Amino acid sequence: MTTPLVIGMPGNDAMTLALAQTLDAEVGQVEFRSFPDGETYLRYLTDLSERTLVVICTLDRPNSKFLPLLFAAATARELGAAKIGLVAPYLAYMRQDRRFKPGEAVTSRQIALLLSNAFDWLVTIDPHLHRYSSLGEIYRIPTQVVHAAPLISEWIRAHVENPLIIGPDSESEQWVSSVAKDVGAPYTVLEKIRHGDRDVEITVRNPNHLKDRTPVLVDDIISSGRTMIEAVRLIRARNSTTPICIAVHGVFADNSDQLLAHAGARVVTTNSILHDSNVIDVTPALAAGVRKLEVSP
Ligand code: R5P
């Protein structure tokens, strides 16, 4: 088996080095820059022929990342790479999983098609699987989904006394129930109605459940932050202990990290997307996912 070559797309340096080290792999050198008109220039400085490539690109704010990523895969193919895998710690567009209104684009399917045509396999962590039961429903390449729940549980066990695990909506129950079981703590799930991208209403069936213990909200994504902010408001009206908001993927659109701090919460995320709140390292989990997909050509 040849040593795999890890290629980091721009902005993924930390994860690229960490994964290469964990996989005992070589880091490939690539030059990326933009021409004055904004078009992408890309040049591989490492020989790719017959090599197995592990391309690292987390896909928050995906639109500007996508073309360079597709260029990187297509060029690697032209230069003779034997196999090209993608590690996308955050997989974008997964929430667009249905035509909610006539004429809408179901972009999760279209992204899946583009990535399936460009790459030989995909590893990601906790993609937003709500109306799809697995990535296999939309991806045509082998995929490995790794999970942050055991790592989140470990962090809570080590850092939070007397926690109450709280899911902000019914979709979060899959993470919350598993984390609560691991931690040996009770859990409750709030109810959410989304009126718009930035308009969320959160209610609780039994407010007494929120009174005691340290509130620990767990969700897959913080994007506009409205889900967490409304949940924090609801909890703080009933519990004086600082709530902790844990997300697998801290996308933090609209400066929602600052809004959450202002709302009185402590925010904790994994390093699937680089941010000051990263305290849970998912590198070993992603490396295990890559190993399962056989990195040998
Ligand atoms: C939705 O179902 C997800 O699990 C998250 O709750 C949601 O994506 C968070 O979005 P936002 O931060 O924009 O409220």
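Scroll up to find the structure this text is about.
Remember, it's a predicted structure, so these values are computed and weren't measured experimentally. Residue numbers here run from 1 along each chain, matching the order of that chain's written sequence. In keeping with the predicted nature of the model, local features appear solely for residues at pLDDT of at least 70, side-chain atom pairs appear and are counted solely at 80 or more, and the whole-chain, interface and lining totals rest on all residues. Side-chain measures here rest on the full set of heavy atoms in the structure, leaving out hydrogens and waters.

**Student:** Help me understand the overall build of the chain in this model?
**Tutor:** Each helix and strand counted, the chain has eight helices and 16 strands in total. Here the chain has a C-alpha radius of gyration of 20 Å; the compact-globule value for 297 residues is 19 Å, and the two agree. Reported as C-alpha extents along the three principal axes, the dimensions of the chain are approximately 65 × 45 × 35 Å. In the chain, which comprises 297 residues, the share counted as buried stands at 53%. A run of DSSP states H or I qualifies as a helix once it reaches four residues; a run of E qualifies as a strand once it reaches two. Both are numbered from the N-terminal end. Throughout, radius of gyration means the C-alpha value; the globule benchmark is 2.2 Å times the number of residues raised to the power 0.38. Per-residue accessibility, obtained with a 1.4 Å probe over protein chains only, is compared with the maximum for each type, and a residue is labelled buried under 20%, exposed over 50%, and partly exposed between these values.

**Student:** What exactly am I supposed to notice about the site of the ligand here?
**Tutor:** Taken together, 15 residues are adjacent to the ligand, and E171, D219, D220, S224 and T227 come closest. Polar contacts, as counted here, are pairs of nitrogen or oxygen atoms within 3.5 Å of one another; within protein the pair requires one atom able to donate a hydrogen and one able to accept it, and residues that are adjacent in sequence qualify only if both atoms are side-chain atoms. Here an oxygen atom of the ligand and a backbone polar atom of G225 are 2.8 Å apart. Computed with a 1.4 Å probe, the accessible areas rest on the Shrake-Rupley method; for each residue, only the protein chains presented here act as cover. Considering the ligand on its own, with 370 Å² of exposed area, one finds that the protein chains cover 95% of that surface. Of all elements in the fold, only β11 (191-196), β13 (214-222) and α6 (226-236) reach the threshold of two or more residues within the shell around the ligand. No other element matches the four residues that β13 contributes to the shell around the ligand. The residue classification treats Ala, Val, Leu, Ile, Met, Phe, Trp, Tyr, Cys and Pro as nonpolar and Asp, Glu, Lys and Arg as charged. All others, Gly included, are polar. The class makeup of the residues in the shell around the ligand is two nonpolar, five polar and eight charged. Consider each residue's heavy atoms; a residue with any of them within 4 Å of a molecule or strand counts as near.

**Student:** Explain the sheet that holds β13 here, please?
**Tutor:** Here a strand pair is declared whenever DSSP counts at least two bridges between the two strands. Taken in spatial order, the six strands of this open sheet run β10-β9-β13-β14-β15-β16, and their pairing is parallel. Of all the strands in the sheet, the pair left with one neighbour each is β10 (187-189) and β16 (278-280). The average undirected angle you get between the axes of adjacent strands in this sheet is 35°. Taken together, the four bridges between strand β14 (residues 244-250) and strand β15 (residues 266-270) define a ladder with parallel strand orientation. By the bridge assignment, I244 is partnered in β15 with R266. Contact between two residues is taken to exist if any of their heavy atoms lie within 4.5 Å; hydrogens are not considered. Interaxial angle, 0 to 180 degrees, is taken between N-to-C directions of lines fitted to C-alpha atoms, where a helix line uses only the stretch in contact. The strands touched by helix α4 (residues 149-159) are β9 (163-167), β13, β14, β15 and β16; relative to β14, the strand with the most contacts, the crossing angle is about 150°. Docked against the sheet, α6 engages β9, β13 and β14, running at close to 165° with respect to β13.

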